[in-house]
Amino acid sequence: MRPRHPALAQAAMWLTFGSAAAILLSIAASQVLLGAAFLALLLSGEPLRLPRIKLPLAIFLAGTIVAWLAAGDLKTGLPQIKKMIVFAELLIVYSCLRSVVLVRWLMLTWAGLGTFTACCGFVQFGEKISQAHKLGRDVYMYYVGSRITGFTSHWNTFSAEEMFSGLMLVAFLFFAIRARRQWMWIVCAALLSVSIVIIETRGVWIAFAVAVIYLIWRWRRWVVLLVPVAAAIGFFAAPASIRERLESITKPKEVDSNDFRVVVWRTGLHMIEAHPLLGVGPEEQRVHFDQYMPADITHKPIGFYGHLHNLYIEYAAERGIPVLLVFLWMIAWILLDFARGLRDLPPGPSDRRFILEGAIAVVIGALVEGFVEVNLGDSEPLTMFLVAVACGYLALDRRVPDAEPSAAAPLIPAAPAA
């Protein structure tokens, strides 16, 4: 048995907290802290721990590597291989966050940082609307092509971050023991929701709505009956540009046409048909897109063709149908574990309940948005997704105490003898 070093274990814990929180501000800072946390954990003598999903996770990552090697173009697919370092977030969070109350504070830190980035986004929004007026441009057409991004490089990434932060905060408000200054967290939830609306990412709108409806259903089922009324009031009270964006889901304009999504989906299906077992290789779909585009498509509508705008088609096209099935197996395992854990909890509000319900909502949000975007292809949403899953498994683990143990105590106590 390796000697323990409590100071390094404590450092690993706070570096992990910092990595999981910093993702809302800087991916570089988050990953530097991730590496430091992993090194401190290795040197601390504490065990490396993964949740129960380690088998499908290992097969998913191995399948990705096999698809990369089989494609033969190692340089093109290398970014996806490098991105596997993000999955270490699952390991360090599950190994280092030593109490449920620490997870609670991490989720509230997400809420606080998400609210801060939302407020920064409001400033960006005002600047962009002002710029559209100065240039004499149609506000809707100008803004759709140049939306707010917060501290990220793209509005899709920003909206996914705000969605995950918002879902965990809604779960906290519904299922945790009432916090001091509850009004402050309600204000944060409202500001996060407004930011999601004005980012105007339609896939996140739908995903956030579905996940919040799940949380409402679990909280007070009768309140779900009020959702259509609230949605109708919100639609008619919204600014014209927001109503236009909603209407564009079924009546798109050229600038936000859905036609290009049909093109990329059909092309992705052709890739899957041609390479069902190993796919065309990570990142290869963008290189060989025209080669697999259906013959009856004579031109490309306006849109982004760097990925396939569907997480499930992307995984199958890049890495093969077996890898997609393993991914779905892993997701099903997560949801089943969390649902069983909720049934085993005593009735009433608790931190474990809010963490599990929030983690389920995050998974639902990611899955729904995945039908129209490769959302887990971005490191920032993937990091937050993995952190939420790891926190859910911490809430399931009875060895993880509710309160913070002493600094000299192991991060995770040994399992009791059978």
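A. Geometry of the state of the cysteines. Enumeration according to the criterion identifies zero disulfides in this entry. With no disulfide partner, cysteine 188 has as its closest neighbouring cysteine sulfur the one in cysteine 119, 8.3 Å distant.

B. Up close: the pattern of salt bridges. For the structure on display, the rule yields 11 salt bridges. Note that arginine 104 is salt-bridged to aspartate 351, the shortest N-O span being 2.6 Å. Of this pair, arginine 104 sits in helix α6 (residues 100-135) while aspartate 351 sits in helix α18 (residues 351-369); the two residues are 247 residues apart in sequence, bridging distant segments of the chain. The residues arginine 104 and aspartate 351 share a single accessibility class, namely buried. Within this structure, Arg49, Asp397 and Arg399 form a network of salt bridges that share partners.

C. Geometry of empty space enclosed by the protein. Under the criterion given, the structure shown has two cavities of 30 Å³ or more. Taken as a whole, the largest cavity spans an internal volume of roughly 80 Å³. Together, 14 residues line the largest cavity, and Phe87, Phe327, Met330, Phe385 and Leu386 are the ones closest to its centre. When residues in the lining of the largest cavity are grouped by element, the largest group, four residues, is from helix α19 (residues 379-396). Class assignment of the residues belonging to the lining of the largest cavity gives a composition of 14 nonpolar, no polar and no charged. Of the pockets and cavities examined, the second largest cavity occupies roughly 40 Å³. Taken together, Phe125, Ile129, Val139, Tyr140, Tyr143, Glu200 and Ser241 form the lining of the second largest cavity. A per-element tally of the lining of the second largest cavity places helix α7 (residues 139-144) first, with three residues. Class assignment for the residues of the lining of the second largest cavity results in five nonpolar, one polar and one charged.

The rules behind the values
- Residues numbered from 1 in each chain as written.
- Predicted model: local features only at pLDDT ≥ 70, side-chain atom pairs only at ≥ 80, totals over all residues.
- Heavy atoms only, no water.
- Disulfide = S-S within 2.5 Å.
- Salt bridge = Lys/Arg side-chain N within 4 Å of Asp/Glu carboxyl O.
- Helix = DSSP H or I, 4+ residues; strand = E, 2+ residues; numbered from the N terminus.
- Buried < 20%, exposed > 50% of the residue type's maximum accessible area, 1.4 Å probe, protein only.
- 1 Å grid on protein atoms, 1.4 Å probe; cavity = no way out; pocket = protein on both sides within 12 Å on 5 of 7 lines; lining within 4 Å.
- Points joined across faces, edges and corners; volume = space filled by probe spheres on them.
- Nonpolar A, V, L, I, M, F, W, Y, C, P; charged D, E, K, R; others polar.

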